[in-house]
Number of protein chains: 10
Amino acid sequence: MDTNKNIETFPNPSPNRRYIIEHINSEFTSVCPITGLPDFGVITVRYIPNEVCIELKSLKYYFLEFRNKGIFYEELTNKILDDLVAISDPLEMEIVSQWSTRGGMNSVIKAKHIKQ
Amino acid sequence: MDTNKNIETFPNPSPNRRYIIEHINSEFTSVCPITGLPDFGVITVRYIPNEVCIELKSLKYYFLEFRNKGIFYEELTNKILDDLVAISDPLEMEIVSQWSTRGGMNSVIKAKHIKQ
Amino acid sequence: MDTNKNIETFPNPSPNRRYIIEHINSEFTSVCPITGLPDFGVITVRYIPNEVCIELKSLKYYFLEFRNKGIFYEELTNKILDDLVAISDPLEMEIVSQWSTRGGMNSVIKAKHIKQ
Amino acid sequence: MDTNKNIETFPNPSPNRRYIIEHINSEFTSVCPITGLPDFGVITVRYIPNEVCIELKSLKYYFLEFRNKGIFYEELTNKILDDLVAISDPLEMEIVSQWSTRGGMNSVIKAKHIKQ
Amino acid sequence: MDTNKNIETFPNPSPNRRYIIEHINSEFTSVCPITGLPDFGVITVRYIPNEVCIELKSLKYYFLEFRNKGIFYEELTNKILDDLVAISDPLEMEIVSQWSTRGGMNSVIKAKHIKQ
Amino acid sequence: MDTNKNIETFPNPSPNRRYIIEHINSEFTSVCPITGLPDFGVITVRYIPNEVCIELKSLKYYFLEFRNKGIFYEELTNKILDDLVAISDPLEMEIVSQWSTRGGMNSVIKAKHIKQ
Amino acid sequence: MDTNKNIETFPNPSPNRRYIIEHINSEFTSVCPITGLPDFGVITVRYIPNEVCIELKSLKYYFLEFRNKGIFYEELTNKILDDLVAISDPLEMEIVSQWSTRGGMNSVIKAKHIKQ
Amino acid sequence: MDTNKNIETFPNPSPNRRYIIEHINSEFTSVCPITGLPDFGVITVRYIPNEVCIELKSLKYYFLEFRNKGIFYEELTNKILDDLVAISDPLEMEIVSQWSTRGGMNSVIKAKHIKQ
Amino acid sequence: MDTNKNIETFPNPSPNRRYIIEHINSEFTSVCPITGLPDFGVITVRYIPNEVCIELKSLKYYFLEFRNKGIFYEELTNKILDDLVAISDPLEMEIVSQWSTRGGMNSVIKAKHIKQ
Amino acid sequence: MDTNKNIETFPNPSPNRRYIIEHINSEFTSVCPITGLPDFGVITVRYIPNEVCIELKSLKYYFLEFRNKGIFYEELTNKILDDLVAISDPLEMEIVSQWSTRGGMNSVIKAKHIKQ
């Protein structure tokens, strides 16, 4: 599973200003690696761009690649952060994944990267 | 596209006090430069005035000039900030643009200016 | 695509009383047959049982079979109604499918069967 | 399991007027007879009293008897209706049970009795 | 407890038209006759006036008389209906009392009068 | 107080079809004739036009004439209905006035006219 | 302005069953013919198909043609109903347009067609 | 317009403790000085009292004096802050005015005073 | 009025950990000392316990003692804080009282104690 | 009552990044040790993992062990924190328990652990 090659970027139109971009995908779905049943979630990508911004349509297709992949919540959230950091080198980036109810429980995972 | 000439200002009635003015336009629409389809958003202008305040009716007409213009979210948000800073020289100003769903995704852009 | 064979039923515990059973699946997803992109919806099954009730777990697996199938909203809603009527012969049954935003539009389809 | 003996009643204070009494228990829990896991629900009792009204505290204790009993949604809803009709002989009574999410699905069962 | 003497009325300004008047008291409180603890509720008075309308301020004072009285939900709802019908002789009148949570349960009582 | 002269109308663009027009004024205010204090309300005008429709801007100015007038809820609601029926002769018209809290109570008045 | 030529249809997949299709466009905008300022609304198309269904993408493009057209609420609602009835000959169709606040007022127009 | 004379105060019952008092007026209305049309707003007064507290009823009458005065949002918010600081000399005070929709835009003004 | 004698406490089960306890009473009522009319509020008690915790049932009875007492908002909030601090000597404690609408205005009072 | 033995863990997939995991159990129930009546709550577990993460299914079974145990809110919240810290040694962990209404009051307890 090598999903990050397909994410496109474009030049940041205001590279001299620290500003925040947020994309919220309310239609994320992947598969539980234990039961094989689908998981449904809302994935938020919040970042301060450096030299490039993430192109929205390719981000959507990147998310679609998880549709039939088996992956745990914690690993998935960190992988999305790693992939998007690798492709866009942001000043800061946070990924939040919020999951629908399983066995009466809701889970939320939040991971953050700050450029050194 | 040289929209900032039409924004009017009036003297700040309390120039000795740092206070916050916020105008929220829930009826903003522009056009996607790739597909030619309309985008719909909510634009928030939040600022601490310096010597002048932005006149509300001319601000509304300023926003209307984007109705049939093709422009990306990130560029638009930074352009509105640049235009309003140029015209009113505020102590601080923040622009937030929140966009309606496209392909299952919602985007929010936040850009801030602090007077040096 | 012959999905209805897997739905299980159990004897109606109160066959002499007309009463209403409603199952709401908030995690339905199928695929748009034109674009190949996923659709997301909420499917409500509301019925008055006759001799049998629909078993909940098998209903969930029935819905999962649409995950990677390409099908239109109108056809899907009518197919679910046809499948569930064929398997459970209810006195009345209504299927409602509510779909997430596409191009700024939300769609809802409602189909009803009354036993003759 | 013979729960209906403990429900107390008191004389209807306005026996000549058809009026509606509704008690909504937001803290109902029973056990799934297949998995042994708890189910959580909201049970609404809505009735037009005849000669007696159902005493609220004894109704609460009646519901508590299901806490560790294994029973299906459909059977439970009809049993509550049967028990409360037997004890209070109402002119009309409706039981609605709304269940928390299981496997992405919510269920609602509605059963009604009209005195002949 | 003879509360109905204090409710004032005034002539219906449109006696030839059947129209609906609704007064919702969100700050009703009385006392449970068993525990002596306060009950809190929302009381709705909905009626079609005949020759007189109920004066709002005196209605408020009428409700205040229950503040430290012990009375059951069912009896209270019917008593309010009886009192207001006696004083105003409406074409139709409905009283709805909605009570705050007690032991995990909420109660609602609805009683209606139609002039013969 | 003779407010109805100022309401303008325009020809119904679809006089052969019974359809519904609804205007909701969330910024209505008048004055309590007893205390002299302002009342605040939401006024809904819902009607099926006959030969003419009510012009929106003149309706707004009609409502403004009540700003400093003392009038009771019941009388006001019926007067608005009388005025708008007189000026537009609708097939059906309903006026609903919903009032903000006074002494813990909210009031709603609904009056309806059907053309004979 | 002759917009209805561009709406496409497809054969009703269940022509023997009366069922309901609803499309809700939350991103409608047209222009006020008096002030030249944009109006924003939510347009709901609810219908029972006869031999054909309305194709969703072409419906979206049909709505886009109003973006810079000047038209009143009442005329627009009836025109959309006329256009969609002409193109799809439904058994029943209802159009609801809900408009954003203008001068403190919100308007809603509802028009319905039933096939003779 | 010399409104601040009518606001009454009473001694702070806990002068040795810094604590917060907040009064929210949801029924404020004034007049736009340009159009002469009414403005509607919610005014929040939040302060830490010094030696005196502001009496609630006189505050209400103070707000009523703006009912038919023409004044801009920014000026009004600063004037209320100046008036209430002058009369009560608080340790801290913040005024927030939130205004209803005008031309698709909502405005919020926030001004704060800290005692030197 | 010497209410604090009746509040019971129990030993803090985790005295070595700073943690937060919050009790929210949505059914508080007292009496306005000027008009004699009842006031309704929500009282929040939020504290970090020291050696003892406040027993919930006795806290409820403590609040009930205000039911027919006349007391101003500001004084009441500070008195509750003083009483509960005296009885339980917390590391920190905050009292928030939120009051229902009076004359179109809502009030909130917040007082905090930090152990020296 | 020795519940913590059954909680399983798995290796943290990103041990070099401080990130937040949150599990919200909306279906928690235990028993009041005084009255023997059930309590209902929402338990939130929020932590920054160290070397291991808590396995979700075993956490659910851990919560189920409280179903028929008598325990106070304060003790329960601290016990869950102690148990989960013992089993997973997190960098930080916070437990929040929010309880349904008892006698008109809602309680919330928040306890936090930071690894030394």
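Quick caveat, the model's predicted, so the values are computed rather than measured.

Definitions and cut-offs
Residues numbered from 1 in each chain as written. Chains lettered and ligands numbered in written order. Predicted model: local features only at pLDDT ≥ 70, side-chain atom pairs only at ≥ 80, totals over all residues. Helix = DSSP H or I, 4+ residues; strand = E, 2+ residues; numbered from the N terminus. Rg over C-alpha atoms; globule rule 2.2 N^0.38 Å. Buried ≥ 20, exposed ≤ 12 C-beta atoms within 10 Å, placed from the backbone. Contact = placed C-beta atoms within 7 Å. Pairing = 2+ DSSP bridges. Least-squares fit on C-alpha atoms with pLDDT ≥ 70 in both. Nonpolar A, V, L, I, M, F, W, Y, C, P; charged D, E, K, R; others polar. Expected span 1.5 Å × (residues − 1). pLDDT = per-residue confidence, 0-100.

Participant: So what's going on with the overall build of chain A? Which residues, and what values?
Facilitator: Scanning chain A from terminus to terminus reveals two helices and six strands. Listing the helices and strands of chain A from first to last along the sequence gives β-β-β-β-α-α-β-β. Taken over the C-alpha trace, chain A has a radius of gyration of 14 Å; the compact-globule value for 116 residues is 13 Å, and the two agree within 12%. Taken along its principal axes, the extent of the C-alpha atoms in chain A is 45 × 25 × 25 Å. Across the 116 residues in chain A, those meeting the buried criterion constitute 42%.

Participant: Run through the interface of chain C and chain D, naming residues and quoting values.
Facilitator: Taken together, the contacts link 15 residues of chain C with 13 residues of chain D. Elements with a minimum of two residues in the side of chain C that touches chain D: strand 2 (19–31) and helix 1 (56–64) of chain C. Among the elements that line the side of chain C that touches chain D, the one with the most residues is strand 2 of chain C, at nine residues. Sheet analysis places strand 2 of chain C next to strand 6 (residues 105–114) of chain D, joined by seven bridges and oriented antiparallel. By the bridge assignment for strand 6 of chain D, C:Ile20 is matched with D:Lys110.

Participant: Account for the relation of the copies chain C and chain D, with residues named and values stated.
Facilitator: Between chain C and chain D, the superposition needs a rotation of 72 degrees and an axial shift of 0.0 Å, giving an RMSD of 0.0 Å. Considering both components of the superposition, the chain copies are consistent with a five-fold axis.

Participant: Could you give an account of unusual backbone geometry, naming the residues involved and the relevant values?
Facilitator: Residue and element names in this part refer to chain F. Although it is not a glycine, aspartate 89 sits at a positive phi angle of roughly 45 degrees. Mapping aspartate 89 onto the fold places it in the loop between helix 2 (73–88) and strand 5 (92–99). Since 15 C-beta atoms lie within 10 Å of it, aspartate 89 is described here as partly exposed.

Participant: Give me the interface of chain A and chain J: which residues, what numbers.
Facilitator: With 13 residues of chain A at the interface, the matching set in chain J holds 15 residues. Mapped onto the side of chain A that touches chain J, the elements with two or more residues apiece are helix 2 (73–88) and strand 6 (105–114) of chain A. Counting residues per element, the side of chain A that touches chain J draws most heavily on strand 6 of chain A, at eight residues. Across the side of chain A that touches chain J, the residue classes break down as four nonpolar, five polar and four charged.

Participant: Any details on the pairing of strand 3 (residues 38–48) of chain E? Residues and values, ideally.
Facilitator: Residue and element names in this part refer to chain E. Of the pairings in the sheet, the one linking strand 2 (residues 20–31) to strand 3 comprises nine bridges and is antiparallel in character. Counterpart to phenylalanine 28 in the pairing with strand 3 is glycine 41. A loop of six residues connects strand 2 with strand 3, the two strands running antiparallel in sequence, and glycine 36 in this loop sits at a positive phi of about 75 degrees.

Participant: So what's going on with the arrangement of the chains? Which residues, and what values?
Facilitator: Spatially, chain E is disjoint from chain H: no contact exists, and the shortest C-alpha separation is 18 Å. Taking C-alpha atoms as the reference, chain D and chain I come no closer than 18 Å and do not contact one another.

Participant: Provide a residue-level description of the environment of D:Phe63, including the pertinent values.
Facilitator: Residue and element names in this part refer to chain D. Looking at the element boundaries, phenylalanine 63 is found in helix 1 (residues 56–64). The class of phenylalanine 63 is buried, set by 22 C-beta atoms lying within 10 Å. Each C-alpha atom of the pair phenylalanine 63 and valine 45 lies 11 Å from the other, and the pair is 18 residues apart in sequence. When near neighbours in sequence (up to four residues on either side) are disregarded, phenylalanine 63 contacts Asn25, Phe28 and Ile43.

Participant: Tell me about helix 2 (residues 73–88) of chain G, residues and numbers included.
Facilitator: Taking 1.5 Å as the rise per residue, helix 2 of chain G with 16 residues should run 22 Å; its terminal C-alpha atoms sit 23 Å apart, in good agreement. The set of residues buried in helix 2 of chain G consists of G:Tyr73, G:Glu74, G:Leu76, G:Thr77, G:Asn78, G:Lys79, G:Ile80, G:Leu81, G:Leu84 and G:Ser88.

Participant: Go over the confidence of the model for chain A, please, and point to the residues and values.
Facilitator: Residue and element names in this part refer to chain A. On average, chain A scores 94 in pLDDT, and the residues at 70 or more come to 96%. At the level of individual helices and strands, chain A shows its lowest average pLDDT in helix 1 (residues 56–64), which scores 96, and its highest in strand 5 (residues 92–99), which scores 98. What the predictor reports for the complex is a pTM of 0.94 with an ipTM of 0.92.

Participant: Any details on the environment of B:Leu64? Residues and values, ideally.
Facilitator: Following the sequence through the fold, B:Leu64 ends up in helix 1 (residues 56–64). C-alpha of B:Leu64 to C-alpha of B:Ser30: the two residues are 34 residues apart in sequence and 8.7 Å apart in space.

Participant: Please set out the pairing of strand 5 of chain F residue by residue, giving values where relevant.
Facilitator: The two faces of a sheet get side chains in turn, since along a regular strand they alternate between them. All names here are of chain F. Burial of strand 5 is extensive: six of the eight residues sit out of reach of the surface. Summarising the sheet, strand 3 (residues 38–48) and strand 5 pair through eight bridges and their orientation is antiparallel. Directly across from tyrosine 47, in strand 5, lies its bridge partner methionine 93. Strand direction decides the pairing type here: strand 5 and strand 6 (residues 105–114), joined by seven bridges, are antiparallel.

Participant: Pulling in residues and values, what's your account of helix 1 (residues 56–64) of chain J?
Facilitator: Looking at helix 1 of chain J, one finds that the buried residues are J:Leu56, J:Leu59, J:Tyr62, J:Phe63 and J:Leu64. Among the structural elements, strand 6 of chain A together with strand 2 (20–31), strand 3 (38–48) and strand 4 (52–54) of chain J are those in contact with the buried residues of helix 1 of chain J.

Participant: Give me the lowdown on the environment of D:Glu92, citing residues and values where you can.
Facilitator: Tracing the backbone through its elements, the reader meets D:Glu92 in strand 5 (residues 92–99). Apart from residues no more than four positions distant in its own chain, D:Glu92 is found in contact with D:Tyr47, D:Ile48, D:His113, D:Ile114 and D:Lys115.

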